[in-house]
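Observations on the model geometry
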Amino acid sequence: MKAGIRIRASILIVVNNEVLLVRHEKDGCSYWLLPGGGVEYGEGLKEAARREAREETGFDVEIGDVVLMWESLPPDRSRHGVNMCFRATITGGTQGTDGDDRLREAAFIPLDALCSLPMRPPLGDPILRILEGAPVPLFLGPLWTE
């Protein structure tokens, strides 16, 4: 049985040379992600990014332009995700999480630690290049991390 394509909206927030990330634990593995999650039927991408930011970080955000897109497609093709990442700025709220079973924390991580973190997918280098103003393709193609 084939499932539909899952669309995920995420955000990139940088404050004082630190990027806002969320840490998940799943199947005994701990890793970092850009805050975000699945778009619900009938929900706009920016609306989903705003909702997910609030749920995962506790912050209210203003959503800007798309800065990155990528696919999550495992080798066995058992699922397919399309990820869109928007620049965002914090407009209110208090840092915290909503209690998702996999979500452990939301934290500001120094930019110089990005490339050494276990990120899914490994977006440290593209994020740094965007922030430096270096050319980065909008669509990164398929990225998959076990």
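Look above for the structure.
In short, a report on the structure.

Thresholds, definitions, all that
Residues numbered from 1 in each chain as written. Predicted model: local features only at pLDDT ≥ 70, side-chain atom pairs only at ≥ 80, totals over all residues. Heavy atoms only, no water. Pairing = 2+ DSSP bridges. Helix = DSSP H or I, 4+ residues; strand = E, 2+ residues; numbered from the N terminus. Axes fitted to C-alpha atoms, helices over the stretch in contact; angles between N-to-C directions. Salt bridge = Lys/Arg side-chain N within 4 Å of Asp/Glu carboxyl O. Buried < 20%, exposed > 50% of the residue type's maximum accessible area, 1.4 Å probe, protein only.

A word on the sheet that holds strand β6 (residues 59-72)
Read across the open sheet, the 5 strands follow the order β5-β1-β7-β6-β9; overall the sheet is mixed. Strands at the two margins of the open sheet, each flanked by one partner only, are β5 (36-38) and β9 (139-142). Adjacent strand axes in the sheet meet at a mean angle of 30°, parallel and antiparallel pairs treated alike. Pairing geometry for strand β1 (residues 6-12) and β5, over 3 bridges, is antiparallel. Bridge pairing links serine 10 to glycine 36 in β5.

Structural notes on the pattern of salt bridges
One pass over the full model with this rule turns up 9 salt bridges. Of the charged contacts, one joins arginine 104 and glutamate 25 as a salt bridge, the two residues approaching to 3.2 Å between their closest N and O atoms. Separated by 79 residues along the polypeptide, arginine 104 in strand β8 (residues 103-110) and glutamate 25 in strand β3 (residues 18-26) bring together distant segments of the chain. Judged by its relative accessible area of 31%, glutamate 25 is partly exposed. For arginine 51, the salt bridge goes to glutamate 40, with nearest N and O atoms at 3.8 Å. With arginine 51 in helix α1 (residues 45-57) and glutamate 40 in the loop between β5 and α1, this residue pair connects regions lying 11 residues apart in the sequence. Look at the salt bridges and you will find they share partners, linking Glu40, Glu43, Arg51, Glu52 and Glu55 into a network.

Brief notes about the pairing of β6
When β6 meets strand β7 (residues 81-93), the two strands line up antiparallel, connected through 11 bridges. Bridging from a neighbouring strand, glutamate 71 pairs with valine 82 of β7. With 2 bridges connecting them, β6 and β9 associate as parallel partners. Bridge assignment links glutamate 71 to a residue of β9, and that residue is proline 142.

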